[in-house]
Amino acid sequence: MSNKLARGMGSFFKPCECRRPSSCPHLYTIRFRNTLDKQAEESGCISMIAQAA
């Protein structure tokens, strides 16, 4: 399942098969369009709650 960010910013998701991905320890992956307008992914993002703290 992927969640949408602000329009044009991409989406974020966890590629794991956990029952509750929002509370699992796995890292997020972000899918977006780069400056060459090609789809790209970056992984290793921490949870959104941890980033806000």
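Residues numbered from 1 in each chain as written. Predicted model: local features only at pLDDT ≥ 70, side-chain atom pairs only at ≥ 80, totals over all residues. Heavy atoms only, no water.

1. Digging into the overall build of the protein
Short version of the rule: Put simply, DSSP marks the helices as runs of H or I at least four residues long and the strands as runs of E at least two long, and each gets a number from the N terminus on. Exposure classes here rest on a 1.4 Å probe applied to the protein chains alone. A residue is buried below 20% of its type maximum, exposed above 50%, and partly exposed in between. Should any heavy atoms of two residues lie within 4.5 Å, those residues are considered in contact.
Along the backbone of the protein there are one helix and four strands. With 53 residues in all, the protein has 19% of them scored as buried. Summarising the internal contacts of the protein: among those between residues at least 6 apart in sequence, 3% fall at separations of at least 24.

2. Digging into the state of the cysteines
What counts here: By definition, disulfides here are pairs of cysteine sulfur atoms that lie within 2.5 Å.
Evaluated as defined, the whole model comprises zero disulfides. Not engaged in a disulfide, the cysteine C16 finds its nearest cysteine sulfur in C24; these two sulfurs lie 3.6 Å apart. C18 takes part in no disulfide bond, and the closest cysteine sulfur, belonging to C16, lies 3.6 Å away. Judged by relative accessible area, which is 29%, C18 ranks as partly exposed.

3. Re the pattern of salt bridges
This is how the line gets drawn: Counted as salt bridges are all cases of a side-chain nitrogen of Lys or Arg within 4 Å of a carboxyl oxygen of Asp or Glu.
On inspection of all chains with the given rule, the structure shows one salt bridge. In this structure, the salt-bridge partner of E41 is R31, at a minimum N-O distance of 2.7 Å. Of the two residues, E41 is situated in strand β4 (residues 39-45) and R31 in strand β3 (residues 28-33); the sequence distance between them amounts to ten residues. Using a relative accessible area of 45% as the deciding quantity, one classes E41 as partly exposed.

4. A word on the packing of aromatic side chains
Note the threshold: Any Phe, Tyr or Trp ring, taking Trp's six-membered ring, that has another such ring centre within 6.5 Å forms a pair; planes under 30 degrees apart are called stacked, those over 60 apart edge-to-face, and the others tilted. In this analysis the charged atom, NZ for Lys or CZ for Arg, is taken to sit over a ring once it is within 6 Å of the ring centre and within 35 degrees of the ring normal.
All chains considered together, the criterion is met by one aromatic pair. Measuring from ring centre to ring centre gives 5.4 Å for F12 and Y28, while their planes differ by 65 degrees; the resulting arrangement is edge-to-face. Of the two residues, F12 is situated in strand β2 (residues 11-13) and Y28 in strand β3; the sequence distance between them amounts to 16 residues. Residue classification places F12 among the buried residues on the basis of a relative accessible area of 12%. On the basis of relative accessible area, Y28 is assigned to the buried category, the value being 11%. Positioned above the aromatic ring of Y28 is the side chain of K14, whose terminal nitrogen or guanidinium carbon lies 4.7 Å from the ring centre.

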